[in-house]
Amino acid sequence: DTLEELFANKNKAIIFAPFTTAITDIEKWVKNKFPTNQVHTLFGETPIPDRQAMVDRFTEDLNPGVLIMNPKAGGVGLNITTANHVIHFAPDWNPAVMDQASARSFRRGQILPVTIHNLFYVDSVEEYMYERLDAKRSLSETALSDTDEMPTVEELMKALERVPNV
């Protein structure tokens, strides 16, 4: 339903799936269901020099379409600003991997609002993983806040008391 709506509105999407079998299954399904739309796949076996050329073809083709990628293979170093929808087919345990993958569309030159879609069933392992991802993001944000704050005199004195006896 999501792709049907996106394609009807002439949009492009990036679909991130962690496993090659899922990528190829999604590719077959999209090509069968939407035969006139462009479909590209990128995963670990895709030669690095071919990746940018694929993104360029995806970008230059004015037709709606999808670029289906492994988040680790395609989630770094590519700018895909013609896609204004990012679909995470399955979560990764590391929120940084998903955030980095989503950032492929949030790049200089992006003129459209970008929507992130996280697919999961209620009361499933995936829902649990998304809850854990949110908790990890919150912990990371809390740990990194106030990192420029200087220690108090008491904290410094306590640290100095820990100097080992030589």
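I will try to describe carefully the structure that is included in this document. For every chain, the first residue of the written sequence is number 1, and numbering continues from 1 onward in sequence order. Per-residue local features are limited, in this predicted model, to residues with pLDDT of at least 70; the limit for side-chain atom pairs, both in listing and counting, is 80 or more; totals at the level of whole chains, interfaces and linings are taken over all residues. Computation of side-chain values: all heavy atoms of the structure, hydrogens and water removed.

## Here we look at the pattern of salt bridges
1) Next: Whenever Lys or Arg places a side-chain nitrogen within 4 Å of a carboxyl oxygen from Asp or Glu, that contact is recorded as a salt bridge. Within the structure shown, the criterion is met by five salt bridges.
2) Next: Where Arg137 meets Asp99, a salt bridge forms, and the shortest distance between an N and an O atom there is 2.7 Å. Here Asp99 lies in helix H5 (residues 95–102) and Arg137 lies in helix H6 (residues 125–144), a separation of 38 residues in the sequence.
3) Next: To sort residues, take the accessible area from a 1.4 Å probe on protein chains only and compare it with the maximum for the residue type: under 20% means buried, over 50% means exposed, and anything in between is partly exposed. We classify Asp99 as partly exposed; its relative accessible area is 38%.
4) Next: With its nearest N and O atoms 3.6 Å apart, the salt bridge here joins Arg137 to Asp134. Taken together, the residues Arg137 and Asp134, both in helix H6 and three residues apart, mark about one turn of the helix.
5) Next: Through salt bridges that share partners, Asp99, Asp134 and Arg137 make up one connected network. Each helix corresponds to a stretch of at least 4 residues labelled H or I by DSSP, and each strand to a stretch of at least 2 residues labelled E; elements are numbered beginning at the N terminus.

## Details of the packing of aromatic side chains
For any two aromatic rings, the description comes down to two numbers: the centre-to-centre distance and the angle of the planes.
1) Next: Ring geometry is summarised as follows: Phe, Tyr and Trp rings, the Trp one being its six-membered ring, pair when their centres sit within 6.5 Å, and such pairs are stacked at plane angles under 30 degrees, edge-to-face over 60 and tilted between the two. Using the criterion set out here, one finds four aromatic pairs in the structure.
2) Next: Measuring from centroid to centroid gives 4.9 Å for Phe7 and Phe34, while their planes differ by 85 degrees, and the two rings are edge-to-face. Taken together, the residues Phe7 in helix H1 (residues 2–8) and Phe34 in the loop between helix H2 (20–33) and strand S2 (38–42) connect sequence positions 27 residues apart.
3) Next: Seen in terms of ring centroids, Trp29 and Phe34 are 6.0 Å apart; in terms of plane orientation they differ by 75 degrees. Their pairing is edge-to-face.
4) Next: We classify Trp29 as partly exposed; its relative accessible area is 44%.
5) Next: Looking at Phe34, the relative accessible area reads 10%, which means it is buried.

## Quick word on the nonpolar core
1) Next: Each nonpolar core is a collection of buried residues, namely Ala, Val, Leu, Ile, Met, Phe, Trp, Tyr and Cys, held together in the definition by side-chain atoms within 4.5 Å. Leu3, Ile15, Val30, Val66 and Ile68 are the most contacted members of the largest nonpolar core, which has 16 residues in total.
2) Next: Breaking this core down by element, the ones donating at least two residues are H1, strand S1 (12–16), H2 and strand S3 (65–69).
3) Next: Considering every element that reaches this core, the biggest residue donor is H2, with four residues.
4) Next: Listed in part, the 15 residues of the second largest apolar core include Leu42, Phe58, Ala73 and Val114.

## Focus on the pairing of S3
1) Next: Judged by how many residues are buried, S3 sits mostly within the fold: five of five residues are covered.
2) Next: Any two strands with at least two DSSP bridges between them are considered paired. The pairing of S2 with S3 spans five bridges and is parallel. Bridge pairing in S3 links Gln38 to Gly65.
3) Next: Call a crossover right-handed when, viewed with both strands pointing away from you, the route from the first strand across the helix to the second goes clockwise. Read from S2 through helix H3 (residues 48–60) to S3, the crossover connection turns out right-handed.

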